[in-house]
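Structure at a glance
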Amino acid sequence: MGNSEKLHISLTELPKNFQEVHPALSDREAVEEANRCLYCYDAPCIQACPTGIDIPTFIKKIASGNIKGSAKTIMTANPVGASCARVCPTEELCEGACVLNHSTKPIMIGDLQRYATDWAIKNDQVLFQKGQSNGKSVAIVGGGPAGLSAARELSLLGYDVTIFEASPTAGGLNTYGIVSFRLPQKISYWEVDQVKSLDVKIRTNTAVGKDVSADELLNSFDHVVLAAGMGRVPDLGIDGEDLDGVYDAIEFVKDTKTKPLSNRLVGKNVVVIGAGNTAIDGATCSVRLGAGNVKILYRRTQEEMSAYDFEYEFAKQDGVEFRWLTQPIKIHGDENGRVKAIECIKMELGEPGADGRRRPVPVEGSNFILPVDAVIKAIGQTRHQSLIDLFRLEHIDGVVQISEDYRTSNPKVFACGDITFGKGKSEAMVVTAAQQGKKAAYAIHSHYMEETVTA
Amino acid sequence: MADLRTNLAGIESPNPFWLASAPPTNSGYQVQRAFEAGWGGAVWKTLGDPILNVSSRFAAVSFNGQRVAGFNNIELITDRPLEVNLQEIYETKKRFPNHTVVASLMVEPQQEKWHEIVKRVEEVGVDGLELNFGCPHGMAERGMGSASGQVPELVEKQTYWVKEAAQTPVIVKLTPNITDITATAEAAARGGADAISMINTINSLAGVDLDSWNTIPHVGGKGAHGGYCGPAVKPIALNMVGECARSPRINVPISGMGGVSNWQNAVEFMLMGASNVQVCTAAMHHGFRIVEDMIDGLNNYLDEKGIASVQDIIGKSVPKYSDWGNLDLNYKIVARINNDVCINCNKCHIACEDTSHQCIDMLKDDQGNSYLEVREEDCVGCNLCSIVCPVDGAIDMVEVESEHPPMTWNDRQAAIGSLQNPSADPIK
């Protein structure tokens with residue numbers, strides 16, 4: 001994210017604030033940049049992409065004017081490649097691995113990927129066709145990046161796939177969780193449509209355990225892929241959490257993508273609790289909703305913050321203030337039950353904990369009160385433990401345990417995406433979820449092929 | 001400050017950079033602007049009987065997004081009356097007496113026509129004449145331009161007619177649309193040419209539109225071949241200049257052109273035997289101002305080399321240009337990869353592996369880091385790896401000691417011949 005992209009907040013036309021911030025490459029810019037690519041052999045950018053997109057090939061196709069082919073190269077490797085073009089931490093992945101880092105400057109791979117996929121979106125391209133049916137059926141629980149990815153691959157391989165999605169639209173995080181000024185919803189919708197065009201049935205507004213039972217899925221489908229992601233933000237466990245004006249960051253962001261934008265925060269003071277990427281989203285959305293002051297409160301320091309560097313820079317550009325070593329201990333309300341202040345205590349870093357990060361400990365008597373109008377909680381996400389229990393799967397603290405081939409303790413059930421991400425295991429990126437979805441699909445297929453051969 | 005003055009067969013110029021006869025030299029306004037910008041000379045756009053032109057005239061070839069790698073035109077000679085051109089030449093020469101104005105001429109192959117135009121043009125004070133025997137389109141259909149330039153007898157005869165009347169030096173401009181340019185160069189010399197210039201444009205079709213299937217350019221849905229110039233033709237032009245410069249039968253100075261885009265190209269042409277250079281496409285791409293860097297860059301180059309006059313570099317590479325049969329078969333170079341500079345794009349590996357001699361290995365060191373290494377015993381010194389390498393200094397082509405003394409193909413054939421037929425003359 002370039003520092004030159006200066007933010008102009010409109011207090012009267014909030015939707016303007018939520019338009020995509022990063023400009024698209026023009027045709028000419030794309031061709032010039034594509035021609036700068038060396039077209040490496042055995043290119044390190046491919047190795048660095050979790051989904052293994054053949055990056056030199058898709059860039060070469062932009063240079064040659066074969067944009068459809070370019071988009072197909074991208075989407076073949078990554079069924080949510082249009083979203084990933086916008087949300088991937090490319091500096092840590094493909095662009096970080098570009099050999100030109102050692103000579104001039106890396107290729108803008110993310111922007112080129114966006115250029116090619118934008119072209120496909122604009123031109124209503126349908127890039128894939130369902131494979132010849134093999135008579136097998138798969139139920140996929142969750143229509144986010146992992147679920148869509150698994151569905152796409154399985155359908156290409158000839159499976160009859162049904163996605164069960166609790167929300168009104170599939171796409172998961174891409175549709176609801178990533179701020180629209182980074183990822184407009186239409187991008188995610190297009191990716192969902194690409195999957196739908198493969199005859200994948202998507203049953204939206206259908207929560208497993210409520211609208212359909214887990215056993216029904218287990219009984220009516222040959223396989224189940226559990227790709228339900230993660231849940232809401234957990235409670236802070238402090239007084240005042242139920243006051244009017246306390247928000248769950250995920251719900252807060254989702255509202256900006258699904259409802260008319262509210263002007264209730266215009267000129268108000270907002271604090272966000274936590275310093276991950278979701279916290280940044282909560283903060284930058286608040287800025288765009290017209291908040292007068294936005295602070296991020298984090299009980300550790302910048303060192304331990306889990307937000308990407310570019311997200312942190314982005315928030316700073318937006319004027320978000322960071323209060324390190326600050327732990328909220330109570331939210332104060334007014335007589336109408338509305339948030340009016342937050343009480344915090346200063347922290348200091350002590351001995352390292354189990355995860356290797358130094359544990360923050362309170363500094364006694366350092367309490368202070370910040371007058372605020374809204375509190376946004378962004379301290380992580382809860383696990384879908386009850387759903388996991390419905391399938392009677394082994395798990396550790398809500399993290400589904402899987403074998404190397406993505407199989408759960410029930411041989412019929414495979415799992416991928418955030419529902420399998422254990423703390424510190426790997427980074428929960430959209431692109432990783434997409435790759436896991438692919439792998440789960442291949443695992444099901446190789447299992448089926450083995451059965452067919454031995455039968 | 002090096003002396004940049006040049007002298008082509010008696011035509012003096014403040015520097016070696018002339019605008020070639022082409023659209024940039026169509027009028028007094030343009031040529032005077034060029035002289036203000038610093039061009040040493042200009043060859044006025046070809047004078048002759050006014051002609052009709054078509055609309056849609058130019059096209060260019062882009063390469064990997066780079067504009068004007070090559071340039072194609074179907075424009076003809078001047079479209080203005082001779083009197084107007086002569087008046088403007090007179091005014092230009094009066095205003096810029098120290099700059100060189102050469103008139104390019106093209107008339108039907110008749111003695112009296114040549115005599116008449118030479119007389120009229122010399123009356124207004126040109127410094128020299130250039131005979132356009134090269135224009136490959138439009139005029140050729142009328143028996144002029146390259147239609148004359150492809151027939152050595154016509155070149156010789158018309159040069160002779162011009163020389164009968166001319167008081168100023170006569171340059172014959174040659175077409176590259178011929179198998180051996182030295183044949184027409186020799187004909188020009190036999191006809192009495194004071195100098196030759198090359199190359200004119202090469203027959204070309206710039207492209208075909210993928211949607212309309214029209215030629216590029218097209219005139220109302222129809223196309224015709226044009227003349228190709230610009231950076232892409234430089235190697236062709238340089239060879240032709242070199243071939244003429246090293247021919248013992250061509251002893252007139254050469255004005256070099258064909259893709260000259262900067263001072264470095266100019267130095268190359270002059271080293272290969274040109275006494276000056278002519279430029280068109282680069283000016284059409286960027287305007288007359290490019291000459292500032294041409295002059296400045298050339299001057300700095302000469303100063304750095306300690307060369308007092310640009311004329312001292314003329315032809316210095318000609319003795320190094322020969323026939324394949326004179327190359328040492330035992331000279332050997334190999335590629336060496338500098339791993340501290342290499343960025344591991346592996347382009348050298350795949351180029352060598354797929355299309356050359358399979359001698360660059362992709363290896364890993366103890367720490368698992370990738371690196372590339374040349375198996376020198378299998379390297380033929382083809383240069384391909386260093387050509388495709390995107391990083392300066394990552395691959396060096398280094399000379400290795402040969403086990404054998406130098407021997408050329410001609411030496412070898414002579415030696416074999418003398419063994420087989422000791423009485424035969426080994427030189428033949």
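Here is a short report on the structure shown in this document. (Residues numbered from 1 in each chain as written. Chains lettered and ligands numbered in written order. Predicted model: local features only at pLDDT ≥ 70, side-chain atom pairs only at ≥ 80, totals over all residues. Heavy atoms only, no water.)

Let us now look at the overall build of chain A. Of the regular secondary structure elements, chain A holds 17 helices and 16 strands. The C-alpha radius of gyration computed for chain A amounts to 23 Å, which stays within 12% of the reference 23 Å derived for 455 residues, consistent with globular compactness. For chain A, the C-alpha atoms occupy an extent of roughly 70 × 55 × 45 Å along the three principal directions. When burial is assessed residue by residue, chain A has 55% of its 455 residues classed as buried. Taking the intrachain contacts of chain A between residues at least 6 apart in sequence as the baseline, contacts between residues at least 24 apart amount to 70%. Element-wise, carbon and sulfur atoms account for 47% of the exposed surface of chain A, whose accessible area totals about 19900 Å². (Helix = DSSP H or I, 4+ residues; strand = E, 2+ residues; numbered from the N terminus. Rg over C-alpha atoms; globule rule 2.2 N^0.38 Å. Buried < 20%, exposed > 50% of the residue type's maximum accessible area, 1.4 Å probe, protein only. Contact = heavy atoms within 4.5 Å. Areas by Shrake-Rupley, 256 points an atom, 1.4 Å probe, with all protein chains shown as cover.)

This brings us to the pairing of strand β19 (residues 370-374) of chain B. Residue and element names in this part refer to chain B. Taken together, the five bridges between strand β18 (residues 360-364) and β19 define a ladder with antiparallel strand orientation. Residue pairing across strands places I360 opposite V374, the latter belonging to β19. Linking two consecutive strands that pair antiparallel, namely β18 and β19, is a turn of five residues; a positive phi of about 85° is found at G368 within it. (Pairing = 2+ DSSP bridges.)

The geometry of two aromatic rings is summed up by the distance between their centres and the angle between their planes. A full pass over the atoms with the stated rule returns 15 aromatic pairs over all chains. Here the aromatic rings of Y159(A) and Y448(A) are separated by 5.9 Å at their centres, their planes lie at 75°, and the arrangement is edge-to-face. On the criterion of sequence distance, the pair formed by Y159(A) in the loop between α9 (145-156) and β2 (160-164) and Y448(A) in helix α17 (residues 430-454) is long-range, its members being 289 residues apart. On the basis of relative accessibility, which here comes to 1%, the residue Y159(A) falls in the buried class. Since its relative accessible area comes to 16%, Y448(A) is described here as buried. With centroids separated by 6.0 Å and ring planes inclined at 85°, the aromatic side chains of W114(B) and F133(B) adopt a geometry described as edge-to-face. Of the two residues, W114(B) sits in helix α3 (residues 111-123) while F133(B) sits in the loop between β8 (128-132) and α4 (146-149), which places them 19 residues apart along the sequence. Linked through ring pairs, Y298(A), Y312(A), F322(A) and W324(A) together constitute an aromatic cluster. Seen from the ring of F128(A), R152(A) lies directly overhead, with NZ or CZ sitting 4.4 Å from the centre. (Phe/Tyr/Trp six-rings, centres within 6.5 Å; stacked < 30°, edge-to-face > 60°. Lys NZ or Arg CZ within 6 Å of the ring centre and 35° of its normal.)

Here we come to the side chain of T162(A). With respect to the secondary-structure elements, T162(A) resides in strand β2. For T162(A), a relative accessible area of 7% translates into the label buried.

Further remarks concern helix α5 (residues 67-77) of chain A. Because each turn of an α-helix spans 3.6 residues, side chains separated by three or four positions in sequence point in the same direction. Residue and element names in this part refer to chain A. For α5, a buried count of eight out of 11 residues is recorded, marking the element as mostly surrounded by other parts of the structure. Taken together, the buried positions of α5 are I67, G69, S70, A71, T73, I74, M75 and A77. On its buried face, α5 sits against α4 (55-64), α6 (81-87), α8 (109-122), α9, α11 (185-196) and α17.

We now examine the interface of chain B and chain A. At the junction of the two partners, chain B supplies 13 residues and chain A supplies 12 residues. At the boundary of chain B with chain A, total buried surface from both sides reaches about 1000 Å², with 59% on carbon and sulfur atoms. Counting the contacts that link chain B with chain A gives zero salt bridges. Along the contact surface separating chain B from chain A lie six residue pairs in polar contact (both at pLDDT 80 or more). Of all the elements, helix α11 (residues 347-355) of chain B adds the most residues to the side of chain B that touches chain A, at three residues. Looking at the side of chain B that touches chain A, its residues break down into six nonpolar, five polar and two charged. (Buried area = accessible area lost by both parts, 1.4 Å probe. Salt bridge = Lys/Arg side-chain N within 4 Å of Asp/Glu carboxyl O. Polar contact = N/O pair within 3.5 Å; in protein donor to acceptor, adjacent residues only side chain to side chain. Nonpolar A, V, L, I, M, F, W, Y, C, P; charged D, E, K, R; others polar.)

The quantities given are spatial measurements derived from coordinates; they are silent on function.
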